[in-house]
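Breakdown of the fold
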Amino acid sequence: MKVKCATVMSPDKRLEHGGRLGEAVRRWGIPRHDWLDLSTGINPIGWPVPEIPASVWQRLPEDDDDLETEIRRWSGAPSSAGCLPVSGSQAAIQMLPRLRKPCRVGIPAPGYQEHAHCWSRAGHEVVPVPLNSLASDAEDDSHWLASLDVLVWINPNNPTGLKVSRERLLSWHEQLHSHSGWLVVDEAFMDGSGESLLPIADKPGLVVLRSLGKFFGLAGLRAGEVIGDPEITHRLAIELGPWAISGPARSIMALALADRSWQIETTARLAEASQRIQRLLVDAGLSTVTGTSLFRYCAFQHAEAFADALAREGVLVRRFEDPNALRFGLPGTEAEWQHLSKALLIAQKTLARTNAETSQI
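Residues numbered from 1 in each chain as written. Predicted model: local features only at pLDDT ≥ 70, side-chain atom pairs only at ≥ 80, totals over all residues. Heavy atoms only, no water.

Any pair of aromatic rings gets described here by the distance separating the centres and the angle formed by the planes. Per the stated rule, a full pass over the model turns up eight aromatic pairs. Ring centres of Trp-144 and Trp-172 lie 5.5 Å apart, and the angle between their planes is 75 degrees; on these two criteria the pair is classed as edge-to-face. Here Trp-172 lies in helix α6 (residues 166–177) and Trp-144 lies in the loop between β4 (125–130) and β5 (150–154), a separation of 28 residues in the sequence. Trp-172 matches Trp-144 in its accessibility class, with the two residues each being buried. Plain terms: the ring middles of Phe-215 and Trp-262 are 5.7 Å apart, the flat faces sit at 75 degrees to each other, and that makes the pair edge-to-face. Separated by 47 residues along the polypeptide, Phe-215 in the loop between β7 (206–211) and β8 (224–228) and Trp-262 in helix α9 (residues 260–283) bring together distant segments of the chain. For the pair Phe-215 and Trp-262, one class covers both residues: buried. (Phe/Tyr/Trp six-rings, centres within 6.5 Å; stacked < 30°, edge-to-face > 60°. Helix = DSSP H or I, 4+ residues; strand = E, 2+ residues; numbered from the N terminus. Buried < 20%, exposed > 50% of the residue type's maximum accessible area, 1.4 Å probe, protein only.)

Here's what the structure looks like:
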């Protein structure tokens with residue numbers, strides 16, 4: 001596989017993400033309450049947040065609460081690993097690049113763009129690792145790692161859902177560590193998927209990022225954790241400074257991670273929902289569908305026209321341009337499932353018409 005320097009957007013420009021419902025309301029003239037927003041890949045039936053005691057709001061966050069213990073119990077992380085609660089994994093994504101001098105950083109393409117953006121802003125040379133050029137696990141060709149100082153890997157990938165085995169990631173880590181390199185693994189969509197590196201995250205040069213935003217459906221909480229090389233997590237904690245995560249967020253995070261029965265039930269429910277949306281998308285003519293238990297990803301030529309057809313029916317999905325693709329989150333209620341089903345039937349007709357017009361050119 002060949003890797004080359006990436007073309008990175010201006011460091012002074014903010015990236016756009018899913019959840020831009022206000023923009024859709026203005027563009028399409030459809031009232032906000034009539035939209036079905038499937039653009040974010042967030043669990044639509046999140047963990048039920050209880051009332052928070054007033055004392056939690058009135059006191060400064062305290063690091064010696066039970067949160068770290070609960071994180072270790074939930075994750076299975078070894079006691080020798082560093083464990084750092086953060087204000088969402090995004091906080092770590094922005095700060096980790098500042099812990100190394102400028103170097104060569106490999107990042108999957110396509111992938112969550114904040115990784116490349118933040119490493120580039122910190123003066124690093126970003127090197128895209130094309131997902132379509134990766135050999136299978138059985139034919140792992142990773143000589144390209146020799147030219148990298150850091151590899152940031154998204155597992156499962158956002159937006160494609162591609163998963164790399166634990167064994168392969170450990171092989172990559174070993175190669176990187178042999179020349180003092182780092183492996184940073186973003187597991188934002190790992191819950192319910194197995195194969196996490198958390199139980200072995202005490203290895204030098206290994207960092208694992210997790211978030212409560214996706215599986216737990218608590219994106220607005222801005223809560224996550226960094227588990228890995230204790231030296232790196234310690235340096236990260238110093239850079240983030242005191243009170244890096246709010247007291248209410250710490251309280252809710254500990255309760256959610258301790259709720260094992262909800263996690264088991266939710267894993268089963270999401271598995272069923274992801275299969276349901278898979279069938280809907282295939283029936284709508286989208287033959288190449290991948291993803292995770294929280295979203296489906298479809299790459300096809302006329303993705304923009306399909307997205308616009310859905311938007312006219314009040315369904316917002318996430319569109320990507322390289323390659324042309326759409327990502328669908330999950331509906332939460334039966335009414336929302338029916339809304340999506342009807343919109344897909346209309347969009348399917350638009351796609352058929354577009355394909356027919358294209359074939360005549």
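Back to the text.
All right, on to the nonpolar core then. Side chains that are nonpolar tend, in soluble globular proteins, to be buried together. With 75 residues, the main nonpolar core has Leu-151, Trp-153, Phe-216, Phe-306 and Phe-328 as its most contacted residues. Not counting the four nearest positions on each side in its chain, Leu-151 is found in contact with Gly-106, Val-129, Trp-144, Leu-145, Trp-172, Leu-176, Trp-182, Leu-183 and Val-184. (Core = buried A, V, L, I, M, F, W, Y, C linked by side-chain atoms within 4.5 Å. Contact = heavy atoms within 4.5 Å.)

All right, on to the pattern of salt bridges then. What the rule picks out here adds up to 14 salt bridges. In this structure, the salt-bridge partner of Asp-191 is Arg-210, at a minimum N-O distance of 3.1 Å. Here Asp-191, found in the loop between β6 (182–186) and β7, pairs with Arg-210, found in strand β7; they are 19 residues apart in sequence, far enough to count as distant. In this structure Asp-191 comes out as buried when scored by relative accessible area, which is 7%. Notably, a salt bridge pairs Glu-321 with Arg-319, separated by 3.4 Å at the nearest N-O pair. One salt-bridge network, in which partners are shared between bridges, spans Asp-63, Asp-65 and Arg-250. (Salt bridge = Lys/Arg side-chain N within 4 Å of Asp/Glu carboxyl O.)

Reading across the sheet, the seven strands line up as β2-β8-β7-β6-β5-β3-β4 and stay open at both edges, with mixed pairing between neighbours. With one partner strand each, in any of the chains shown, β2 (82–86) and β4 form the two edges of the open sheet. Neighbour to neighbour, the strand axes of the sheet diverge by 20 degrees on average, direction disregarded. In this structure, β6 lies alongside β7, joined through four bridges in parallel fashion. Along β7, the bridge assignment pairs Val-185 with Val-208. (Pairing = 2+ DSSP bridges. Axes fitted to C-alpha atoms, helices over the stretch in contact; angles between N-to-C directions.)

To summarise the sheet geometry, strands pair through backbone hydrogen bonds and adopt either a parallel or an antiparallel arrangement. If you trace the four strands from one edge of the open sheet to the other, you get β9-β10-β13-β12, paired in antiparallel fashion. The sheet is open, and its two edges are formed by β9 (289–291) and β12 (318–321), each paired on a single side. For this sheet the average axis-to-axis angle between neighbouring strands, irrespective of direction, equals 25 degrees. As defined by bridge partners, β12 adjoins strand β13 (residues 324–328) across four bridges and the pair is classed as antiparallel.

What follows covers unusual backbone geometry. Following Ala-109, the chain continues into Pro-110 via a peptide bond in cis, with omega recorded as 0 degrees. Here Pro-110 lies in the loop between β3 (104–109) and α5 (113–121). A cis amide bond links Asn-155 to the next residue, Pro-156, at an omega of -5 degrees. Mapped onto the secondary structure, Pro-156 falls in the loop between β5 and α6. One non-glycine residue, Ser-180, adopts positive backbone phi at about 65 degrees. Mapping Ser-180 onto the fold places it in the loop between α6 and β6. Under the relative-accessibility criterion, Ser-180 is labelled exposed at 55%.

Let us now look at the environment of Val-164. On the secondary structure map, Val-164 appears in the loop between β5 and α6. Through-space distance from the C-alpha of Val-164 to that of His-33 is 39 Å; in sequence the pair is 131 residues apart. With residues near it in sequence (within four places) discarded, Val-164 still touches Trp-153, Asn-155, Leu-169 and Trp-172.

Moving on: the pairing of β6. Burial analysis of β6 places five of its five residues in the buried class, which makes it a mostly covered element. Judged by which residues are buried, β6 turns out to be covered on both faces: Trp-182, Val-184 and Asp-186 on one side and Leu-183 and Val-185 on the other are all buried. Bridge count for β5 against β6 is five bridges, and the pairing is parallel. Pairing of Ile-154 across the sheet is with Asp-186, part of β6. The β-α-β motif built from β5, the intervening α6 and the parallel element β6 has right-handed crossover chirality. (Right-handed = clockwise from strand over helix to strand, strands pointing away.)

This part is about the packing of helix α3 (residues 67–75) against helix α8 (residues 247–258). At their nearest, the axes of α3 and α8 sit 9 Å apart, and the two run at 30 degrees to each other. With respect to α8, the axis of α3 lies roughly parallel. α3 and α8 meet at a crossing whose hand is left-handed. From α3, Leu-67, Glu-70, Ile-71 and Trp-74 reach across to α8, where they touch Arg-250, Met-253, Ala-254, Leu-257 and Ala-258. Across the contact of α3 with α8, the residue classes tally to seven nonpolar, no polar and two charged. (Parallel < 35°, antiparallel > 145°, perpendicular 65-115°, else oblique. Left-handed = near helix turned anticlockwise from the far one by under 90°. Nonpolar A, V, L, I, M, F, W, Y, C, P; charged D, E, K, R; others polar.)

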